[in-house]
Amino acid sequence: RFELGLEKPDPKRALHSAFTIATAYIIGGLFPLIPYMFISRTTDAVFASVVLTLVALLVFGYAKGHFTGNKPLRSALQTTLIGAVASAAAFGMAKAVQ
């Protein structure tokens, strides 16, 4: 507490926090799936999914930087890079298992 300057969380906010996190996961998880709902050709859907996901990561990273007081552009690029590396690693592992 003293080292990080964190306050003890209010137990009354637990349900609100859980709802906020669940909503964020659902909305964030829909972005890569949306192209598959509207594009029938798989290769086009994959490309659209990658582009849409990278744009969403840029926007979310910028917002994160803005609301946390960090440099928004740096936060956007950092979030996008980490997300791209993580998704590439997951894709590579799935290909290796296949």
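Since the structure is predicted, the reported quantities are computational estimates derived from the model, not experimental observations.

Some points on the confidence of the model for the protein chain
Link 1 in the chain: In this model, the protein chain carries an average pLDDT of 91, and 96% of its residues clear a pLDDT of 70 or more.
Link 2 in the chain: The secondary-structure element of the protein chain with the lowest mean pLDDT is helix α1 (residues 14–38), recorded at 92, while helix α3 (residues 72–97) shows the highest, at 95.

Quick word on the environment of V85
Link 1 in the chain: Checked against the element boundaries, V85 lands in helix α3.
Link 2 in the chain: Its relative accessible area of 51% is what places V85 among the exposed residues.
Link 3 in the chain: Sequence spacing of V85 and R74 is 11 residues, and the spatial spacing of their C-alpha atoms is 16 Å.

What about the UniProt feature "transmembrane region" (unreviewed entry) in the protein chain?
Link 1 in the chain: UniProt's feature table lists "transmembrane region" (unreviewed entry) at residues 18–39, 45–63 and 75–94, given in the numbering used throughout.
Link 2 in the chain: Counted over residues 18–39, helix gives 95% and strand 0%. Its end C-alpha atoms are 33 Å apart.
Link 3 in the chain: Helix makes up 100% of residues 75–94 and strand 0%, and the two end C-alpha atoms of the span are 28 Å apart.

Focus: a nonpolar patch on the surface
Link 1 in the chain: A surface patch of nonpolar side chains, amounting to about 940 Å² of accessible area, comprises I26, L30, L33, I34, Y36, M37, F38, V46, V50 and L54.
Link 2 in the chain: Among the secondary structure elements, those contributing two or more residues to the nonpolar patch are α1 and α2 (42–68).
Link 3 in the chain: Examining the composition of the nonpolar patch, we find that seven residues originate from one element, α1, more than from any other.
Link 4 in the chain: Structurally, I26 is set in helix α1.
Link 5 in the chain: Relative accessible area serves as the criterion here: at 57%, I26 is assigned to the exposed category.

Focus: α1
Link 1 in the chain: An ideal rise of 1.5 Å per residue puts 36 Å on 25 residues; α1 measures up with 37 Å between its terminal C-alpha atoms.
Link 2 in the chain: Remark: the principal bend of α1, roughly 45°, maps to P32.

Quick look at the packing of α2 against α3
Link 1 in the chain: Packing of α2 against α3 leaves a shortest axis separation of 7 Å and a crossing angle of 140°. Regarding the angle of α2 to α3, the classification is oblique. Viewed along their axes, α2 and α3 form a crossing whose handedness is right-handed. Contacts between α2 and α3 involve L54, L57, L58, G61, Y62, K64, G65 and H66 from the first element and P72, L73, S75, A76, L77, T79, T80, G83 and A84 from the second.

Parameters and conventions
Residues numbered from 1 in each chain as written. Predicted model: local features only at pLDDT ≥ 70, side-chain atom pairs only at ≥ 80, totals over all residues. Heavy atoms only, no water. pLDDT = per-residue confidence, 0-100. Helix = DSSP H or I, 4+ residues; strand = E, 2+ residues; numbered from the N terminus. Buried < 20%, exposed > 50% of the residue type's maximum accessible area, 1.4 Å probe, protein only. UniProt positions renumbered as here; feature names shortened; annotations may be inferred. Patch = residues over 30% accessible without salt bridge, like charges linked within 9 Å, V, L, I, M, F, W, Y side chains within 5 Å. Areas by Shrake-Rupley, 256 points an atom, 1.4 Å probe, with all protein chains shown as cover. Salt bridge = Lys/Arg side-chain N within 4 Å of Asp/Glu carboxyl O. Expected span 1.5 Å × (residues − 1). Bend = angle between axes of the 7 residues up to and from the residue. Axes fitted to C-alpha atoms, helices over the stretch in contact; angles between N-to-C directions. Parallel < 35°, antiparallel > 145°, perpendicular 65-115°, else oblique. Left-handed = near helix turned anticlockwise from the far one by under 90°. Contact = heavy atoms within 4.5 Å.

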